[in-house]
Amino acid sequence: VVVGWAGCGEAFVTAPGGLRQAWSARGGSVGGSTCPASHLAAARPQLASWRVRSRGATSVGVVMGDTGEKQVGVQGGEEEVGGAQVANDVGIVDPDNLMQDAVARALKKADSMLDELSNSEASKARREGRQQIETLKNKKKKQEEDGQKAEQEVKAAKQAKIQRAEASDVYTAAMRSCAASAAKGLAGKAEGLAVLKEMEAIGVTPNQATFAVLMDVLAKAASFGKSKPREGWDILRLMEQRGVVPDAAALSSQLSLMARCAAKGADVSLQDGLKVISFAEERGVEIDAFLFSSLLALCAHAKIPAGKTRLQAALAILKQLSDAGIRRDTVVYNNVLTVCGKCTQSTVADALEILEDMDKNKIEASAYTFSILLSQCANSIYDAQSGAELVEDAEEVMTLMRGRNLPPSVAVYNSWLKVLSKAAAYGAVGAKEASVVLAEMEDLGVRMNVVTLSSWLSVIGNAVLSEKATGADAKVAIVKAREEGLAPPPECYNLWIDAVGREALMGNSTVKDVIGIVEYMRSVGQAPGTSTYNRVMSVAARAVAAAKSRKRGSITDGKAILALMAEDEVPLSPVSLSAFIQLARADGSKDAATEAWKVFDAAPPSVRNEHVFTVMTTALVKAGQKNTAKTMLDLAKVQGLLPNTFMFNAAMGAAEESADVDALWEQMQASGVRADAVTNRYLRLAKKNMAPTRVRVPQATSKRRNISREKRRIKGEPPLDDR
């Protein structure tokens, strides 16, 4: 039987028993055209039934027999042609009988041949030969199967190894992601160990890289108080239990973990850090400059052995490094300089000596080196004279940097501005000196960033009280930043507000000046938020308190600020509410007290905290509304607040009889609330049968004292209890 197939499809002819012949016709035309001779194939399946199937487009099949042919058309489907029909069409008569006869003759012939062959010696030899051949075939087949099996096992092992390596990489990446979260305070030891346990659960063995990143997770988490040095030691011991030798990276992270814990006040000593170095030496870990740099970072914060300064300890570590044959590098020296800056007994001269030692050992200083030197200058300022001297030292440091042809760095200029900011707090410099720094940056093509702008505004704000800067200088800085394409964040606008607020303390600005900052922000598309309005309302209260007349501000201006807050959809906060009440108190009018009460009464309980109740009480007392003031303590209790010393003092200030003071004192004692200087003053008056409302109690609210308080705050000094 010959079958030809024409068209673009694929054909199958199937007979009983699974016998199948396939043809592919890719070169012929569609629609029944004839197929080239190269696409004809011969097939001799059992004649019973034919099944012709086409995959694809329209195709034509032709079945050819001895005396005729059969054409079958199929279009993307299947057509069955029975055996009898094929026989009639192609000239084969009664295929079933023919098949039975053929089988019978074949069986009879086979029996005859078997009898003849079984009686001959040759037959036996042939049988043995066939058996040997069959044995050899079976042996060869088994060898081939064994070889294939071994090959498959090797391949499977290799694939499993690849999968484990890929899984290890995946989990190491997951651990790095955990470290990134730890740097933001969002992860710690628990999250890192969870990744480790999941690795081991699926049969992936953690390696040095995995454990090193886990140690980094703990080191970063320490900055947020989420890990401790002993937990780092636990991980190092776990490494050894897993047969993994701790490497320099893991041990460096342990030192970083200890340094960050020490920086947050944990009881960590330099000796604890030296134990890490000994741990490395005992296990044959190569100790490099990076490991010693981490030890120096610990030296900047850890407890130092008695009889040594922090800088002396750092220099001893530097000598130990050299004795070990490890070459000093820039990072090592930068860490020594950082320790120098943290050492209260060291000076800028000590830092410059370290720089000279770098030059002597032919170690190149980096821009960061000079940033550290400038930080040393800032840290050494403690009064106006030292401020002036260290500003000169900072200029010398800048001269040294310029002489080394280092590329200008914005970080260095930011550090220089921080020196000026610290000096400005003591009245040594002002806006003029800061402008010189910005001019040099502009000449060298160094673009300011947010830190630059913040530092510049800090110089201006700190210099206002010494009258070496004004709020107008702060506006110049903001406008300059915007001209350079920098979008000042809200924090920078808050520094501008602070500058205007300090002018208000001196009576040199009005409420309208601070409202003007809000209007400027809105004009440039910067929406004021809660922190900004808190400052604005506080500055407004200062301006009204410092003003000699209501021309500089009144309760009307406070209401205008509340209206702006409503427009910007900024809700009242405890700070803005208490500042508004203080503004009303400073205004002094009954209308102002009434307005303050309305805002207080309408405010949600979550905003009315202890401080708000205190200032509302004092405002009512000043406005002569003593009866309402007397109810404030009970109202606070109803709201669920526990009265503190300041609230009791405010209530005593509303007392019209000495017996009222004594009664309040009994409540304070029963509640376990301690007395302060104001409480004791009221109690002394009560013993003399004098009520606070009948005696003018001196209050430290003079312009001079307010300025003194603000100066202490700028310098970072604790406030004086001068009430």
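For the structure itself, look to the data block above.
Attention in this report is confined to the structure presented alongside it. Along each chain, numbering runs from 1 in the same order as the chain's sequence is written. Totals for whole chains, interfaces and linings use every residue, but because this is a predicted model, local features are given only for residues with pLDDT of at least 70 and side-chain atom pairs only at 80 or more, for both listing and counting. The side-chain numbers reported here are obtained from all heavy atoms of the structure, hydrogens and water having been left aside.

1. Examining the packing of aromatic side chains
To be explicit about the condition: Within 6.5 Å between ring centres, the rings of Phe, Tyr and Trp (the latter by its six-membered ring) count as paired, and their orientation is classed by plane angle as stacked under 30 degrees, edge-to-face over 60, tilted in between. We count a stretch as a helix when DSSP gives it H or I for four or more residues in a row; a strand needs E for two or more, and each element gets its number in order from the N terminus. The classification of residues rests on relative accessible area computed with a 1.4 Å probe and restricted to protein chains. Under 20% of the type maximum is buried, over 50% is exposed, and intermediate values are partly exposed. We call a charge positioned above a ring when the Lys NZ or Arg CZ atom is no farther than 6 Å from the ring centre and deviates by at most 35 degrees from the ring normal.
What the rule picks out here adds up to 7 aromatic pairs. With a centroid separation of 5.6 Å and 75° between ring planes, the pair formed by Trp 496 and Tyr 520 is classed as edge-to-face. Of the two residues, Trp 496 is situated in helix α19 (residues 490-505) and Tyr 520 in helix α20 (residues 511-523); the sequence distance between them amounts to 24 residues. We classify Trp 496 as buried; its relative accessible area is 5%. Geometrically, the ring pair formed by Phe 600 and Phe 613 is edge-to-face, given 5.2 Å between the ring centres and 90° between the ring planes. Highlighted residues: Phe 600 in helix α24 (residues 590-602) and Phe 613 in helix α25 (residues 610-622), separated in sequence by 13 residues. The exposure class assigned to Phe 600 is buried, which follows from its relative accessible area of 0%. One aromatic cluster in this structure is built from Tyr 493, Trp 496 and Tyr 520. One Lys or Arg, Arg 283, reaches over the ring of Phe 279 and ends 3.6 Å from the middle of that ring. Above the ring of Phe 600, the side-chain terminus of Arg 608 is found at 4.7 Å from the ring centroid.

2. Describing the nonpolar core
The following threshold applies: Only buried residues count toward a nonpolar core. Its members are Ala, Val, Leu, Ile, Met, Phe, Trp, Tyr and Cys residues joined through side-chain atoms within 4.5 Å. For this analysis, residues touch if any pair of their heavy atoms sits within 4.5 Å.
Judged by nonpolar contacts, the single largest core of 189 residues is most densely connected at Leu 298, Leu 453, Ile 561 and Ile 581. Ignoring sequence-local partners within four residues, the contact set of Ile 581 consists of Ala 596, Phe 600, Val 612, Val 615, Met 616 and Ala 619.

3. Focus on the pattern of salt bridges
Applicable threshold: When a carboxyl oxygen of Asp or Glu lies within 4 Å of a side-chain nitrogen of Lys or Arg, that pair is called a salt bridge.
On inspection of all chains with the given rule, the structure shows 21 salt bridges. With its nearest N and O atoms 2.4 Å apart, the salt bridge here joins Arg 283 to Glu 240. Residue Arg 283 is located in the loop between α8 (270-282) and α9 (289-299), and its partner Glu 240 is located in helix α6 (residues 229-241); the two are separated by 43 residues in the primary sequence. Judged by relative accessible area, Arg 283 falls into the partly exposed class, the value being 31%. The salt bridge partner of Glu 656 is Lys 630, with a shortest N-O separation of 2.8 Å. Note that Glu 656 is positioned in the loop between α28 (645-653) and α29 (658-671) and Lys 630 in helix α26 (residues 626-630), a separation of 26 residues in sequence. Owing to a relative accessible area of 35%, Lys 630 belongs among the partly exposed residues under this scheme. Salt bridges here are not isolated pairs; linked through shared partners, they connect Glu 240, Glu 282 and Arg 283.

4. Some points on a negative patch on the surface
This is how it is decided: A patch consists of residues whose relative accessible area exceeds 30% and which take part in no salt bridge; residues with like charges are grouped when within 9 Å of each other, and nonpolar side chains (Val, Leu, Ile, Met, Phe, Trp, Tyr) when within 5 Å. To measure how exposed things are, a 1.4 Å probe is used in the Shrake-Rupley method; for residues, cover is taken only from the protein chains shown. Under this rule, positive means Lys or Arg and negative means Asp or Glu; His and the chain ends count for nothing. One atom stands in for each charge, and that atom is NZ of Lys, CZ of Arg, CG of Asp or CD of Glu.
Taken together, the side chains of Glu 389, Glu 392, Glu 395 and Glu 433 present a region of like negative charge at the surface. Mapped onto the elements, Glu 389 comes out in helix α14 (residues 384-402). We classify Glu 389 as partly exposed; its relative accessible area is 42%.

5. Things to note about the environment of Leu 406
For Leu 406, the position within the fold is in the loop between α14 and α15 (410-425). For Leu 406, a relative accessible area of 22% corresponds to the partly exposed category. Residues Leu 406 and Ser 366, spaced 40 residues apart in sequence, show a C-alpha to C-alpha distance of 7.4 Å.

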